[in-house]
Amino acid sequence: LGFRDVNLKFECVLPSASLTSAFFSDRMDDHSAEEWKELGNEKYKSSSFSEACDLYSKAIELEPRVAKYYGNRSAALFSMRSYEKCLQDCTTAFNLDPKGMLKCAVRGAKCLTALGQFDKAISLARDALLNDPRLETALAEKAQAERAKKLLSTSKEQINLCKWNEAAKTVSQLEQITGAPNFVQRLRAEVLVGQGKGQEAMPLCNSLIQTNSHDPEILYIRGKALYLTSNFAMAIKHFAEALRSDPDFAKAKNMLKLVKKMESTKASANEAFKNREYLLAIEKYTECLTLDPQHKGMNAILFCNRAAALTSISKDEEALEDCNRAISLDESYTKAFIRRAKINMKLEKYEEAVRDYEKLAREDPSSREMQQELRNAKLELKKSKRKNYYKILGVEKNAGENEIRRAYKKMALKWHPDKHQGDDKEEAEKNFKDVNEAFSVLSDRQKKEQYDSGVDLQDMGGMGGMGGMDGADMMDIFSMFMGGGMGGMGGMGGGRRRGRGGFSFH
């Protein structure tokens, strides 16, 4: 087979792969056009469409006036969704043999339908019907093209009217007829963006931008998808690029203006929050929320941020409402669930807080922080089912000893049974008992620590319901605290006694 000069130093050189290929290729070129066609048919049957095309092409090179070779190659090209090349072969085959290649006319109509050229598809199907008015495949393809044309018109009307859900159904029907060519993908992407599904639209937008990176419509649609995913910087670049391609593109102008306004207003709100200017932050977040009510993702963030500002000035109920709004817009927004749980803890709505922390702990089992927050919420829920001694005395949980003593004096005087008559007396006695019970725990450092840690009342040295404390005991505590007799209060004695169980005042 010969040697190459550079290899003469070897005794024997094996032929290269390219030489071998060339040798066998020369031998294969001896095939007739019909033999090439048969080889192509074998590849077609095994779904090797690209190889089948190559083999049909060899047949065409030898016999360029034989219609069936173009017809066979068109079938392979159609299977590869190479509709424009397929259409060329179908047209050639049909022109060479109008009566024998009617199926190519129908296939060509299918290509035109897939390319969105519905009027031409209808015309080509009619040409086939002129040769055979009863050709069912031509009748069916003509009807498909007519239906697709109507669906395209309807989908565009629905998009213009922002009837996004209706448009989505129409585009799906159009997709069933045409497959997923570029013009249908563009419609699908535009509908998804209109529905606020920016993340879902991104793969389609990425595919479209690869085919035509300077198309202003595609740049606009991708810009909106980026905007919906809150990627404002990239959205601005896309709208600006669309305007470079088409300076009069009104939709791109409006979106560019909106995104810049949204970005600057949100930045002002965040800066005000960092500087603890909470009222200004609330004002700016509120302004930002009016810019685009349809942007669910961004509005969820804005509501959550405004909730942080509101709770910082103790407007917790309003903050809670904002968290609920954020979650209703984005049920996967973890930060909103965390903030809502914290606000519910602050508002002592422990059952709601437990539900949120349980959800968060399930979603991230490895988070020690969420597990600890859940334990804290459950503990507070357990504690909340007991008598709330702090509320009974009207003090905060961080109240000091003197504040507790003053609160006790005030509430004991208020609910002393001797100050109430008739129907009020029974309620007063109950409240007076609760006041003394609360004071006996909160004024004792050890019992207060146990109470705060969640120890059950019945485990606190018999404090459950003042376990065994009778009316005389309560009066003794009251008398001891008041420092003697009550004067006109029902002849209450003035002697001072030590509290039972080592009770003393600090």
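Reading guide: rules and limits
Residues numbered from 1 in each chain as written. Predicted model: local features only at pLDDT ≥ 70, side-chain atom pairs only at ≥ 80, totals over all residues. Heavy atoms only, no water. Helix = DSSP H or I, 4+ residues; strand = E, 2+ residues; numbered from the N terminus. Buried < 20%, exposed > 50% of the residue type's maximum accessible area, 1.4 Å probe, protein only. Contact = heavy atoms within 4.5 Å. Areas by Shrake-Rupley, 256 points an atom, 1.4 Å probe, with all protein chains shown as cover. Polar contact = N/O pair within 3.5 Å; in protein donor to acceptor, adjacent residues only side chain to side chain. 1 Å grid on protein atoms, 1.4 Å probe; cavity = no way out; pocket = protein on both sides within 12 Å on 5 of 7 lines; lining within 4 Å. Points joined across faces, edges and corners; volume = space filled by probe spheres on them. Nonpolar A, V, L, I, M, F, W, Y, C, P; charged D, E, K, R; others polar. Axes fitted to C-alpha atoms, helices over the stretch in contact; angles between N-to-C directions. Parallel < 35°, antiparallel > 145°, perpendicular 65-115°, else oblique. Left-handed = near helix turned anticlockwise from the far one by under 90°. pLDDT = per-residue confidence, 0-100. Expected span 1.5 Å × (residues − 1). Phe/Tyr/Trp six-rings, centres within 6.5 Å; stacked < 30°, edge-to-face > 60°. Lys NZ or Arg CZ within 6 Å of the ring centre and 35° of its normal. Core = buried A, V, L, I, M, F, W, Y, C linked by side-chain atoms within 4.5 Å. Salt bridge = Lys/Arg side-chain N within 4 Å of Asp/Glu carboxyl O. Patch = residues over 30% accessible without salt bridge, like charges linked within 9 Å, V, L, I, M, F, W, Y side chains within 5 Å. Lys, Arg positive; Asp, Glu negative; His and termini not counted. Charge placed at Lys NZ, Arg CZ, Asp CG, Glu CD.

## With respect to the overall build of the chain
When helices and strands are tallied, the chain shows 25 helices and zero strands. In the chain, buried positions account for 42% of the 506 residues. Long-range pairs, those at least 24 residues apart, make up 51% of the contacts in the chain between residues at least 6 apart in sequence. Carbon together with sulfur atoms contributes 49% to the accessible area of the chain, which is approximately 28300 Å² in total.

## Examining the side chain of serine 155
Mapped onto the fold, serine 155 is located in helix α8 (residues 136-160). A distance of 2.8 Å separates the side chain of serine 155 from the backbone oxygen of leucine 152, its partner in a polar contact. If we skip the residues at most four places from it in the chain, serine 155 touches Ala167, Thr170, Val171 and Leu187.

## Quick look at the layout of surface pockets
Size it by volume and the largest pocket reaches roughly 720 Å³. If you trace the largest pocket, you find 29 residues lining it, with Trp164, Glu190, Val193, Gly194 and Lys224 closest to the centre. Taken together, the residues of the lining of the largest pocket break down into 15 nonpolar, six polar and eight charged.

## Some points on the packing of helix α14 (residues 250-274) against helix α15 (residues 278-289)
Remark: α14 packs on α15, axes separated minimally by 7 Å, with the N-to-C direction vectors making an angle of 160°. The angle between α14 and α15 falls in the class roughly antiparallel. Considering the relative orientation of α14 and α15, their crossing is left-handed. Residue-level contacts link Lys261, Met262, Thr265, Lys266, Ser268, Ala269, Asn270, Ala272 and Phe273 of α14 to Tyr278, Leu280, Ala281, Lys284, Tyr285, Glu287 and Cys288 of α15. For the contact of α14 with α15, the per-class residue count stands at nine nonpolar, three polar and four charged.

## A closer look at the confidence of the model for the chain
Averaged over all residues, the pLDDT of the chain equals 86, while 84% of them reach at least 70. At the level of individual helices and strands, the chain shows its lowest average pLDDT in helix α1 (residues 17-28), which scores 40, and its highest in α15, which scores 98. Under a pLDDT of 50 for its full length, residues 1-28 has, in the predicted model, eight contacts with residues more than four places off or in other chains.

## Structural notes on α8
With 25 residues, α8 should cover 36 Å at 1.5 Å per step; its first-to-last C-alpha distance of 36 Å lies within 8% of that length. On its buried face, α8 is in contact with α6 (102-114), α7 (118-131), α9 (164-178) and α10 (182-194).

## Remarks on the packing of aromatic side chains
Going through the model one piece at a time under the given rule, you end up with ten aromatic pairs. Ring geometry for phenylalanine 273 and tyrosine 278: centres 5.5 Å apart, planes at 65°, overall edge-to-face. On the basis of relative accessible area, phenylalanine 273 is assigned to the partly exposed category, the value being 27%. On the accessibility criterion, tyrosine 278 (19% relative accessible area) is buried. Measuring from ring centre to ring centre gives 6.1 Å for tyrosine 390 and tyrosine 451, while their planes differ by 50°; the resulting arrangement is tilted. Here tyrosine 451 lies in helix α24 (residues 445-452) and tyrosine 390 lies in helix α21 (residues 389-393), a separation of 61 residues in the sequence. Both residues of the pair, tyrosine 390 and tyrosine 451, count as buried. Through a chain of ring-to-ring contacts, the aromatic side chains of Tyr220, Phe239 and Phe249 assemble into a single cluster. The residue whose ring lies beneath lysine 359 is phenylalanine 337, and the NZ or CZ to ring-centre distance is 4.1 Å. Above the plane of the ring of tyrosine 451 lies arginine 386, whose end atom (NZ or CZ) is 3.9 Å from the centre.

## Let's talk about the nonpolar core
Counting residues in each nonpolar core, the largest one holds 65 residues, and the members touching the most others are Tyr227 and Tyr357. Once residues within four sequence positions are removed from consideration, tyrosine 357 is found in contact with Ile338, Ala341, Lys342, Met345, Met370, Glu373, Leu374 and Ala377. With 37 residues, the next largest nonpolar core counts Trp36, Leu87, Leu112 and Leu124 among its residues.

## A short note on the pattern of salt bridges
In total, this model carries 27 salt bridges according to the counting rule given. Overlapping salt bridges, with partners in common, bring together Glu34, Lys37, Glu38 and Lys68 in one network.

## Some remarks on the environment of asparagine 299
Here asparagine 299 lies in helix α16 (residues 296-312). Taking C-alpha positions, asparagine 299 is 9.9 Å from threonine 286, a pair spaced 13 residues apart along the chain. Beyond its immediate sequence surroundings of up to four residues, asparagine 299 is in contact with Leu289, Asp292, Pro293, Gln294 and Leu329. Within the structure, asparagine 299 has its side chain in polar contact with the backbone oxygen of aspartate 292 (distance 2.9 Å).

## A short note on the environment of glutamine 176
Tracing the backbone through its elements, the reader meets glutamine 176 in helix α9. The spacing of glutamine 176 and alanine 148 is 28 residues in sequence and 9.5 Å in space, taken between C-alpha atoms.

## Section: a negative patch on the surface
Together, Asp423, Asp424, Glu426, Glu427 and Glu429 make up a region of like negative charge exposed at the surface. A residue is classified by how much of its surface remains accessible, and aspartate 423, at 75% relative accessible area, is exposed.

## As for α14
Under the 1.5 Å per step criterion, the end-to-end length of α14 is 37 Å for 25 residues, consistent within 8% with the ideal 36 Å. Buried residues in α14 make contact with α12 (216-228), α13 (232-245), α15 and α16. A positive backbone phi angle near 65° is found at arginine 276, which sits one or two residues after α14.

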